[in-house]
Amino acid sequence: MREFALLCFGIARDITGQRMLQRPATPGLTAGELQQTLLREYPDFQTLASLKLAVNQSYATEDTPIAAGDEVAIIPPVSGG
Amino acid sequence: MREFALLCFGIARDITGQRMLQRPATPGLTAGELQQTLLREYPDFQTLASLKLAVNQSYATEDTPIAAGDEVAIIPPVSGG
Amino acid sequence: MNQERIHIGRHRLDTEGLQNLYSQPQDGGIVAFTGTVRNATREREVLHLDFEAYEPMAVHTLEQLREKTMRKFGVRDVVIHHRLGRVLPGHAAVVVVVFSAHRKEAFEACAYVMDRLKKEVPIWKKEAFVDGEVWVSAHP
Amino acid sequence: MNQERIHIGRHRLDTEGLQNLYSQPQDGGIVAFTGTVRNATREREVLHLDFEAYEPMAVHTLEQLREKTMRKFGVRDVVIHHRLGRVLPGHAAVVVVVFSAHRKEAFEACAYVMDRLKKEVPIWKKEAFVDGEVWVSAHP
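What counts, and where the lines are drawn
- Residues numbered from 1 in each chain as written.
- Chains lettered and ligands numbered in written order.
- Predicted model: local features only at pLDDT ≥ 70, side-chain atom pairs only at ≥ 80, totals over all residues.
- Heavy atoms only, no water.
- Pairing = 2+ DSSP bridges.
- Helix = DSSP H or I, 4+ residues; strand = E, 2+ residues; numbered from the N terminus.
- Least-squares fit on C-alpha atoms with pLDDT ≥ 70 in both.
- Contact = heavy atoms within 4.5 Å.
- pLDDT = per-residue confidence, 0-100.
- Buried < 20%, exposed > 50% of the residue type's maximum accessible area, 1.4 Å probe, protein only.

Enquirer: It is not clear to me how the sheet that holds strand β3 (residues 52-55) of chain B should be interpreted in this structure. Could you clarify?
Expert: Residues and elements named next belong to chain B. Strand order in the open sheet made by the five strands is β2-β1-β5-β3-β4, with mixed pairing throughout. The open sheet has two edge strands, β2 (20-24) and β4 (58-59), and neither has a second partner. Sheet topology note: the strand β1 (residues 3-8)/β2 ladder contains five bridges and is antiparallel. When the bridges of β2 are listed, Leu6 appears paired with Leu21.

This is the structure:
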């Protein structure tokens, strides 16, 4: 099965222990489903003030599809400035 | 009779033709009365967007008394900045 | 650069110098307003501005405005420098710098200083065009 | 100083340099926000901040924010520079400069950029104290 890259920034990198994960691109996968999976696999994500995903460098909604070769990123609460 | 100094700034200097006038400090003179006198003597003041007086470097009200030796200033519309 | 917190004078203004001089490590945000002379007013070319002030009263009024602003918005420090004399287009006529722990108050305080300065402080400017001069805001 | 209008990187920030580089004679007001690292958070001493970004997305998000701000407030130009890596207390982490014919819009636009930047742009900071480190805002 083909894969997509999952980038981990800020506290997400501490929680997963990785800068980048390769994950299987299951057919019909959406950002909403991936988010639910991550919350189950890494319960520490449930303690964050918010959790978003970006797909190909844009914020995703629940329905945003994820396909093989996509660049997906875990966006914990941002704190620039 | 003793006098007070009347400073003229900005367009007030153009209207009176002077940087400073010496005016008689008539007994009981107020800023309101001086303002009326100036509007009569120099009708061009009536064309301004506003006209204020300062007595001893503070904005005056109608009732502010003016005495001999005071420093009075004509304050046409300010436009700093 | 003049190093007073309130200053009116003929020297060129230096926003960055004031920021560096007065910033403190407890500040989180610095908002600096630089008012520059525009090269046109209602599409008429401006050659230069001439500023004059009732200097002692203007300094006094600015000092009161500075203190009121610090109290009203809870900002740590406020610096206000205004230029006098001839100022050419593109050059700064006024600089207001506000130092604060928090940015919202810094923005509000800086905007407030400019609003009040333009209404209260005895400073006047005359705009010079190719075909004449005008005391700004004098007439309705 | 990096001369792009939108930049994220490790070099020191230069508010004045950006102001001078991008100001135009038709501007009447320049509002510059400089966000500096405070030496304390809730009375705990801060040793330094470490900034990281999802760089391509952060640049892209800032470019969109710049364009939206210029449209929304009618300001002439907006410059946003953000530092990455380690930044010590007293040093600037972010600079936003807004150039405009009129000051009210410049203040509003500059405050708007900072509000949106703090909510939307994928940049993160970790605060280092004597006894540990914290990702800022991560937890409720």
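Still to come is the rest of the account.
Enquirer: Honestly, the relation of the copies chain D and chain C in this entry has me stumped. Any pointers?
Expert: One chain copy maps onto the other through a rotation about an axis and a shift parallel to that axis. Screw-axis analysis of chain D against chain C gives a translation of 0.0 Å along the axis, an RMSD of 0.0 Å, and a rotation angle of 180 degrees. When the rotation and shift are considered jointly, the pair of chain copies conforms to a two-fold rotation axis. The overlap is high: 100% of the interface residues of chain D also sit at the interface in chain C, so the same surface is used on both sides.

Enquirer: Teacher, can you tell me more about the confidence of the model for chain C here?
Expert: Reading fine detail from the predicted coordinates is not recommended where pLDDT is low. Within chain C, residue pLDDT values average 95, and 99% of them lie at 70 or more. In the predicted complex, the global pTM is 0.95; the interface-specific ipTM is 0.93.

Enquirer: Help me understand the arrangement of the chains, please; the structure alone is not making it clear to me.
Expert: For this structure, the chain pair with the highest number of contacts among three pairs of chains in contact is chains C and D. Note that chain B does not reach chain D: the shortest distance linking a C-alpha of one to a C-alpha of the other is 10 Å.

Enquirer: Which parts of the structure should I look at to understand the pairing of strand β8 (residues 92-100) of chain D?
Expert: The two faces of a sheet get side chains in turn, since along a regular strand they alternate between them. All names here are of chain D. Extensive coverage of β8 is indicated by the burial of nine of its nine residues. Bridge count between strand β6 (residues 77-83) and β8: six bridges; the pairing is antiparallel. Among the inter-strand pairings, Ile80 is bridged to a residue of β8, identified as Val96.

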